[in-house]
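# Geometric and topological summary
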Amino acid sequence: MEEECCATQLIDGDGAFNVSGLENFMKTAKLGDFGLSYAVVAIMGPQSSGKSTLMNHLFRTSFREMDAFRGRSQTTKGIWIAKCVGLDTCTVAMDLEGTDGRERGEDDTTFEKQSALFALAVSDIVLINMWCHDIGREQAANKPLLKTVFQVMMRLFNPRRTTLLFVIRDKTKTPLEHLEPVLREDIQKIWDSVPKPQVHKDTPLSEFFNVQVTALSSFEEKEEQFKEQVAQLRQRFSDSIAPGGLAGDRKDVVPASGFSFSAQEIWKVISENKDLDLPAHKVMVATVRCEEIANEKLSHLTSDVDWLQLEEAVQSGPVPGFGKKLGSILETYLSEYDSEAVYFDEGVRTSKRQQLESKALHLVHPAYQAMLGHLRSKSLENFKNRLEQSLKKGEGFAASVCECNRSCMLDFDQGCEDVTVHLADWSPSKVREKLRRDIEAYTASVRAEKLSALVADFEKQLTEALAEPVESLFDAAGKDTWPAIRKLLKHETQLAVSQFSTAVAGFELDQATFDNMVNNLVDHSRGVVEKKAREEAAKVLIRMKDRFSTVFSRDKDSMPRVWTGKEDIRAITKAARAAALKVLSVLATVRLEENKSDKIEKLLVSSLVEVSDGVLATKERSLSGSPDPLASSSWEEVSSRDTLITPVQCKSLWKQFKAETEYTVTQAISAQEAHQRSSNWLPPPWAICALIILGFNEFMLILRNPLYLMAMFIIYLTSKAVWVQLDIQGEFRNGFLPGILSLSSRFLPTVMDILNRLAEAGQPQENPERPRPAATLNHQSYGSQTQRTEPFVDSVPNMQSAFSFQGSSSESATDSSSTLTHRTVTDGATTNST
């Protein structure tokens, strides 16, 4: 496909810049792909001097040419641009409007100066088209043009070295070797005459321009020769950007991709009649273009498929090789930026690359943070699992924590190396520190939980070891109760502290924490004893009555007492009350401090133990005006914390105790008196002897006739049954007259009922196959009676049992009296039926 020149008007005759036309030219000519490998050639000269014709033949462009048959007039208006065809180097040609045209007039030189300045700022090579016959003339048409070129060059301040190629048109017979020195001399005179800034006052022309001179024959008279010479000149443009070429000085060249923006900005500055600073303009162009390239690459990165897939994968969990994958994606776009911005100003290029890199890293940083979060969570979970497994194996807590912490932090660091993006200077230190704090918090939580469970176990152990033994010691309260409790408390506490020290050795606790925990154990053990003491103090009255009952109702061999009349009930009562008072004194205060005695027991004994003495003491205190020692809410030398029962409470409890035990003593006295009365029914020995002697005949009569004996026996059994059935002794307990009235109303029905039952028992059974035992029959006959009547009723049908009962009646009465007496003493409310 034949290459097109794409000729476009860049700036019209009124100075309007064709932005859309230039953009379209850039795309059509693909100028942005050439980087710095392009050259810009501009031509200036008088109007109708053949500039467009020369450019079309030299670069195969299609600029509009003047039609000589229509007269000499302005052909090119403004500035036109086209791409040169057929050259090895990408070359852009610019055809400027001619100078000294009659259309603009003599005084309208503004556009000429502006277009000349624009051509010098944009172009690498400037062709100055001039007539051969004007060389050497002072007022020739080329002088205003050269002055304009040199004057506007001074406004560039620090321009790059531009090639000025003077093209001598319509060359005569004078050799070029003679024309060139004259032309260079004229140029030097013009340069010297041009006003210059102070900084460039002594700067030679060669610092600004590379002056070249060539000559061409007349196109109208010697067309073939003209074309041959143009073809030779064209060869010099084939590789113009090579070192030593026409455009060999590549200093401050704007990259091809920035040509459009650069041209716009340069014309804007020139048209606003501002001083043009090419280095600053170069930086500005580089800034804009590099920023455009950077934004383009960032936009592509945002929509990159690989990056989007990687970002989505990170949200789900850890991604192996995250750092390498992300680094590869970033490197791709940064490399593309470098390749496109390589020809722009290095400082700007580097700055914009850093900005692009910063924005790209900012875009991907959340994914990096998410990866660190996954690593932190995974490492923390691994720490928890490893610590749990280590503790299950029985390893020490502190050692396990240290080893698991080291292992997990190592895994985290290795994971961070895999996540690290080498382009970024991101540090995982904050996440690592958070992981460390999380591990420390979890460790503290587990340690607190383990220690709490351990302390709870030892507290439970102490509670079990102290509660029941202390309760047992309080149950047998005596003078050695509190020493025994202190000894037990000390032993169990020391044992628990020793075992606790061994158990917590693996935790490597600091001394202060360890001491505090030991003190808490000691306080707990003491608290168990104090709590049990307060519980026992709350039921001290029950304890006192139990102790009184034990001492009062049982002898020294712990056998139940039988009140036979020989016992000293007063002494026994005093001893029992003293024992109960001992219980009260033991439970009055907590005595866990060794070498600390009190006078509580002595005070209670002196104030409460003997009623008579207490009454005398009360009378003496009332006469002397001294206060009651128990009329106080605190004990002397005993703190309120250790007080269980106050003195005034002790006095109240003792009063209640005496009232509730008084009945037991009364019952014992009654039982003793009853026993004495039952023992007085036997006649004296002389009376017995007289009965035997005087009743010999009657005794022999009974022996000769056994029916008398049988009748007497039946009468005895019936009387005994009536006695038991009517509970005669119990009826007289309420008084003599009420007892007589009650017995008179119940005697006859009871006798008839007994005879009827005996008669029924003597009849044969209807069902001989299953005879009912006597015990069952008698149980049915007397099932409504009390338990005390059953042994006697059961013995009625069985004669052998009756004789056994008769032979041991005295012993049974004694045992019954003892049993009833014991029940009376123990319960305090049971009626003595002996």
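Remember, it's a predicted structure, so these values are computed and weren't measured experimentally.

### Thoughts on the overall build of the protein chain
- Secondary structure assignment for the protein chain yields 29 helices and seven strands.
- Put simply, 73% of the contacts in the protein chain that link residues at least 6 apart link residues at least 24 apart.
- In the structure as shown, the protein chain presents an accessible area of about 45,600 Å², 52% of it carried by carbon and sulfur atoms.

### Structural notes on helix α12 (residues 397–419)
- In this model, α12 (23 residues) spans 32 Å end to end at C-alpha, consistent with the 33 Å of a helix rising 1.5 Å per residue.
- Turning to α12, its buried residues are F397, A398, S400, V401, C404, S407, C408, M409, F412, G415, C416 and V419.
- Next to the buried residues of α12 lie α10 (322–341), α11 (346–392) and α13 (429–475).

### Structural notes on the UniProt feature "binding site: GTP" (unreviewed entry) in the protein chain
- On the UniProt side, "binding site: GTP" (unreviewed entry) is annotated at positions that read G45, P46, Q47, S48, S49, G50, K51 and S52 here.
- With respect to the helices and strands, P46 occurs in the loop between β2 (38–44) and α2 (51–59).
- Residue P46 is classed as buried on the basis of its relative accessible area, which comes to 11%.
- You can see Q47 is positioned in the loop between β2 and α2.
- Residue classification places Q47 among the buried residues on the basis of a relative accessible area of 16%.

### A word on the packing of aromatic side chains
- Scanning the entire structure with this criterion turns up 17 aromatic pairs.
- With a centroid separation of 6.1 Å and 70° between ring planes, the pair formed by F111 and W267 is classed as edge-to-face. Within this pair, whereas F111 is found in helix α3 (residues 110–122), its partner W267 is found in helix α7 (residues 259–271), the two being separated by 156 residues in sequence.
- Owing to a relative accessible area of 6%, F111 belongs among the buried residues under this scheme.
- Assessed through its relative accessible area of 3%, W267 is described here as buried.
- Centroid distance F383 to Y442: 6.2 Å. Interplanar angle 80°. Geometry classified as edge-to-face. Highlighted residues: F383 in helix α11 and Y442 in helix α13, separated in sequence by 59 residues.
- On the accessibility criterion, F383 (0% relative accessible area) is buried.

### Quick look at the packing of α13 against helix α15 (residues 511–538)
- The geometry of α13 relative to α15 is characterised by a closest axis approach of 9 Å and an angle of 35° between their N-to-C directions. Judged by the sense of rotation from one axis to the other, the crossing of α13 with α15 is right-handed. Only M517, L521, H524, S525, V528, V529, K532, A533 and E536 of α15 make contact with α13, whose side of the interface consists of L451, V455, F458, E459, L462, T463, L466, A467, V470, E471 and F474.
- Taken together, the residues of the contact of α13 with α15 sort by class into 13 nonpolar, three polar and four charged.

What counts, and at which threshold
- Just so you know, the residues in each chain are numbered from 1, in the order the chain's sequence is written.
- Local features in this predicted model are restricted to residues of pLDDT 70 or higher, and side-chain atom pairs are both shown and tallied only at a pLDDT of 80 or more, whereas totals for entire chains, interfaces and linings draw on every residue.
- Derived side-chain values reflect all non-hydrogen atoms in the structure, with water molecules and hydrogen atoms excluded from consideration.
- Numbering goes from the N terminus for both helices and strands, where a helix is a DSSP run of H or I of at least four residues and a strand is a run of E of at least two.
- Only heavy atoms matter for contacts: two residues are in contact if any of them lie within 4.5 Å across the pair.
- Calculation of accessible area relied on Shrake-Rupley with a 1.4 Å probe; when residues are assessed, cover is drawn exclusively from the protein chains displayed.
- Each residue after the first adds 1.5 Å to the expected span of a helix.
- Burial classification: accessible surface area is computed with a 1.4 Å probe over protein chains only, and a residue below 20% of its type maximum counts as buried, one above 50% as exposed, and the rest as partly exposed.
- UniProt positions are given in the numbering used here, feature names are shortened, and annotations may be inferred rather than shown by experiment.
- Paired rings are identified among Phe, Tyr and Trp, the last through its six-membered ring, by centres lying within 6.5 Å, and are further divided according to the angle between planes into stacked (under 30 degrees), edge-to-face (over 60) and tilted (the rest).
- Convention adopted: a line fitted to C-alpha atoms gives each axis, helices being fitted over their contacting stretch, and angles between N-to-C directions are expressed from 0 to 180 degrees.
- What makes a crossing left-handed is the near helix being turned counterclockwise from the far one by less than a right angle; a clockwise turn instead makes it right-handed.
- Throughout, the ten residues Ala, Val, Leu, Ile, Met, Phe, Trp, Tyr, Cys and Pro are labelled nonpolar, Asp, Glu, Lys and Arg are labelled charged, and all others, Gly among them, are labelled polar.

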